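A look at the structure
Listed below, chain by chain, are the residues.
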Amino acid sequence: KAGVTQTPRYLIKTRGQQVTLSCSPISGHRSVSWYQQTPGQGLQFLFEYFSETQRNKGNFPGRFSGRQFSNSRSEMNVSTLELGDSALYLCASSSASGGAQEQFFGPGTRLTVL
Amino acid sequence: GQNIDQPTEMTATEGAIVQINCTYQTSGFNGLFWYQQHAGEAPTFLSYNVLDGLEEKGRFSSFLSRSKGYSYLLLKELQMKDSASYLCAVSVSGGSYIPTFGRGTSLIVHP
């Protein structure tokens with residue numbers, strides 16, 4: 001069974017631009033969660049999607065948004081990029097909604113904002 | 001909200017035993033995860049404790065005390081490849097049980 005895939009793996013943008021990251025979960029998994037990881041803050045939850053619906057949202061500004069498609073693939077968008085958005089963005093999939101499920105993480109997208 | 005605390009860094013010798021502690025303060029506690037993350041790689045699941053006690057899985061064991069808000073990950077017969085960051089995460093009941101992660105403990109194993 002293929003693992004969670006994320007594209008692109010690396011991205012360099014400048015302040016003010018927008019970016020879209022993609023995540024394909026493990027086949028059969030319907031829950032996709034997004035996290036931001038930085039050295040100072042660790043792993044911080046952005047949002048979770050299940051069956052195309054956003055189930056939960058972390059404490060991030062509205063510049064961070066996401067969506068999920070009928071095939072469970074998910075995209076995350078960040079508009080008006082700021083230097084502080086430089087981070088590793090991880091997505092994780094699980095078979096059901098809810099943190100009691102083991103989450104399988106993708107390799108991440110390393111975003112650098114200049 | 002949740003407050004999760006774990007040491008920032010630990011060092012240990014190959015072949016030894018190391019215990020990584022995690023304390024948490026949260027309401028509606030449901031369970032506690034441990035993940036391993038090698039540098040530049042994705043976190044991988046190690047364990048999930050819901051009930052008090054010790055759960056052993058090969059060289060790795062995880063302990064939970066719900067009354068004390070305390071968990072530890074025990075690594076035996078350390079190997080160089082165990083050098084990684086170990087993340088403690090708490091899930092709470094209500095809503096979507098999304099886990100909240102601690103900042104991770106960087107374990108360095110030296111010969």
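On to the side chain of Gln6(B). Residues and elements named next belong to chain B. Looking at the element boundaries, Gln6 is found in the loop between β1 (3-5) and β2 (9-13). Overall, Gln6 belongs to the buried group, its relative accessible area being 10%. A polar contact is formed between the side chain of Gln6 and the backbone nitrogen of Gly104, at a distance of 3.2 Å.

The next subject is the environment of Asn49(B). All names here are of chain B. Counting through the fold element by element, Asn49 comes out in strand β5 (residues 44-49). On a C-alpha basis, the gap between Asn49 and Val90 in space is 9.7 Å, while along the polypeptide they are 41 residues apart. Setting aside residues no more than four positions away along its own chain, Asn49 makes contact with Gly31, Leu32, Glu55, Ser62, Phe63 and Leu64. Among the polar contacts listed, one links the side chain of Asn49 to the side chain of Ser62, at a separation of 2.7 Å.

On to the nonpolar core. Nonpolar side chains in soluble globular proteins tend to end up buried together. The biggest cluster of nonpolar side chains holds 22 residues, and the ones touching the most others in it are Leu32(B), Trp34(B), Leu75(B), Tyr86(B) and Leu107(B). Elements supplying a minimum of two residues to this core: β3 (18-25), β4 (29-37), β7 (60-65), β8 (70-75), β9 (84-92) and β11 (105-110) of chain B. Per element, the largest residue contribution to this core is 5 residues, and it comes from β9(B). Beyond its immediate stretch of four places on either side in the chain, Tyr86(B) contacts Gln6(B), Ile20(B), Trp34(B), Tyr35(B), Gln36(B), Leu46(B), Phe60(B), Leu73(B), Leu75(B), Gly104(B), Thr105(B) and Leu107(B). Counting residues in hydrophobic clusters, the runner-up holds 21 residues, among them Val32(A), Trp34(A), Met76(A) and Cys91(A).

All names here are of chain B. With antiparallel pairing, the 5 strands of this open sheet are ordered in space as β1-β3-β8-β7-β6. Of all the strands in the sheet, just β1 and β6 (53-57) have a single pairing partner and so form its edges. Here the strands of the sheet are splayed against their neighbours by 15° on average, with no regard to which way each runs. Of the strand pairs in this sheet, β6 and β7 are connected by 5 bridges, and their pairing is antiparallel. Paired with Glu56 across the two strands is Ser61, which belongs to β7.

It is worth spelling out the sheet that holds strand β3 (residues 19-24) of chain A at this point. All names here are of chain A. Read from one edge of the open sheet, 4 strands run β1-β3-β8-β7, paired in antiparallel fashion. Either end of the sheet is taken by a strand with one partner, and the two such strands are β1 (5-7) and β7 (64-68). Direction aside, neighbouring strands of the sheet carry axes that sit 20° apart on average. Two elements, β1 and β3, share 3 bridges in a ladder whose sense is antiparallel. Bridge pairing in β3 links Gln6 to Cys23.

Rules of the game
Residues numbered from 1 in each chain as written. Chains lettered and ligands numbered in written order. Predicted model: local features only at pLDDT ≥ 70, side-chain atom pairs only at ≥ 80, totals over all residues. Heavy atoms only, no water. Helix = DSSP H or I, 4+ residues; strand = E, 2+ residues; numbered from the N terminus. Buried < 20%, exposed > 50% of the residue type's maximum accessible area, 1.4 Å probe, protein only. Polar contact = N/O pair within 3.5 Å; in protein donor to acceptor, adjacent residues only side chain to side chain. Contact = heavy atoms within 4.5 Å. Core = buried A, V, L, I, M, F, W, Y, C linked by side-chain atoms within 4.5 Å. Pairing = 2+ DSSP bridges. Axes fitted to C-alpha atoms, helices over the stretch in contact; angles between N-to-C directions.

Function cannot be read off these values alone, since they describe shape.
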